[in-house]
Amino acid sequence: MAMSVSSSTPLLTQRMSPILPEVKPGIPDSLHVSISRTRHVPLRRGRRTLLWRNLCLPVVGGVMEIPKNQRAVEQFNTIYFLLAANMIVFFFDHILHWRSVKGLYFYHWNTKWWQYVTSSFCHASWDHLSNNLFMLYAFGKMVEEEEGGGYLLSTYVIAGVVSCAMSKIFLGASSVSLGASGSVFGLLVNALLSKMRFSWRMPIEMMALGPFVYQQIAKEVEIIRRVGGSGDGVNHVAHLAGAATAGGFVWFVNVLNSGQLLGDRRKSSR
């Protein structure tokens, strides 16, 4: 009995020994991950993601190796947070009829500081909400996939705040503004600009998105020329303000990234 156990011990040890991944020469061991637990994603060349990239992943051979427990990063959750926030506010406002939700609207004659942000999550009707949700999902997800969740959230909030400020200036003190349209127009322009990169896909993407974005902005300009900023009950000033804000935001972030890259190059040269 003892003889059989002792003789089988080397065989058991051999079977129970773990299979280690092969270590490639010239690469630190800390960068190696078992192939069965990783997937490779092409490395994006975004110009504006330097300030908003939340996760630093090891890069080996021009690709990023993403461990299985970090794959949630690729699920783009920020767009779903924004969609859910708009739906929840609408539910409490128009289904449960909570009066406190009315305090989230942007009142031009008695503005509270939080209304610059909260009014972008409020809507007047189901049609109003539905139209904005569709545009938000289509272009917001595109922006998040290209630039990241932090960039998407920043664009949504900043475009909404500027839209409210411009509405208060140009529409007077007797109006009430609400809706995600200003933020959505900002994301629409941002989605177009995020595709302006040197690749074989760029002409196709520009032909698909460019005419649509141009038609939407041209339509807003024509309506303002004919009936004014809100003559038909729609805040067209907010739409154009959101679009212009997105263009300025992209330019500002590019300037910051250019300065950051220049500073890094100077440090490396030293």
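Residues numbered from 1 in each chain as written. Predicted model: local features only at pLDDT ≥ 70, side-chain atom pairs only at ≥ 80, totals over all residues. Heavy atoms only, no water.

### A look at the overall build of the protein chain
So, step 1. Tallying secondary structure elements over the protein chain gives eight helices and five strands in all.
So, step 2. In the protein chain, the order of α-helices and β-strands from amino to carboxyl end is α-β-β-β-α-β-α-α-α-β-α-α-α.
So, step 3. Counting every position in the protein chain, which comprises 270 residues, the buried fraction comes to 36%.
So, step 4. Relative to all contacts within the protein chain whose residues are 6 or more apart in sequence, the contacts with residues 24 or more apart total 75%. (Helix = DSSP H or I, 4+ residues; strand = E, 2+ residues; numbered from the N terminus. Buried < 20%, exposed > 50% of the residue type's maximum accessible area, 1.4 Å probe, protein only. Contact = heavy atoms within 4.5 Å.)

### Some points on a nonpolar patch on the surface
So, step 1. There is a patch of nonpolar side chains on the surface, built from Phe91, Ile95, Leu96 and Trp98 and spanning about 400 Å² of accessible area.
So, step 2. As for its position among the elements, Phe91 is in helix α2 (residues 78-95). (Patch = residues over 30% accessible without salt bridge, like charges linked within 9 Å, V, L, I, M, F, W, Y side chains within 5 Å. Areas by Shrake-Rupley, 256 points an atom, 1.4 Å probe, with all protein chains shown as cover. Salt bridge = Lys/Arg side-chain N within 4 Å of Asp/Glu carboxyl O.)

### Remarks on the nonpolar core
So, step 1. Grouped together as the largest cluster of nonpolar side chains are 36 residues, with contacts concentrated most on Leu136, Phe139, Tyr156 and Leu187.
So, step 2. Mapped by element, the contributors of at least two residues to this core are α2, α4 (126-147), α5 (149-171), α6 (181-194), α7 (202-227) and α8 (236-269).
So, step 3. Here Leu136 is in contact with Ile79, Leu82, Leu83, Asn86, Lys141, Tyr156, Val184 and Leu187, once residues within four sequence places are set aside. (Core = buried A, V, L, I, M, F, W, Y, C linked by side-chain atoms within 4.5 Å.)

### Remarks on the packing of aromatic side chains
So, step 1. Under the definition given, this model contains 11 aromatic pairs.
So, step 2. Plain terms: the ring middles of Trp113 and Trp114 are 5.8 Å apart, the flat faces sit at 85 degrees to each other, and that makes the pair edge-to-face.
So, step 3. Arranged with centres 5.2 Å apart and planes meeting at 45 degrees, the rings of Phe121 and Tyr156 form a pair that is tilted. Of the two residues, Phe121 sits in the loop between α3 (115-118) and α4 while Tyr156 sits in helix α5, which places them 35 residues apart along the sequence. We note that Phe121, like Tyr156, is buried.
So, step 4. Every member of this aromatic cluster is reached through a ring pair, and the members are Phe91, Phe92 and Trp98. (Phe/Tyr/Trp six-rings, centres within 6.5 Å; stacked < 30°, edge-to-face > 60°.)

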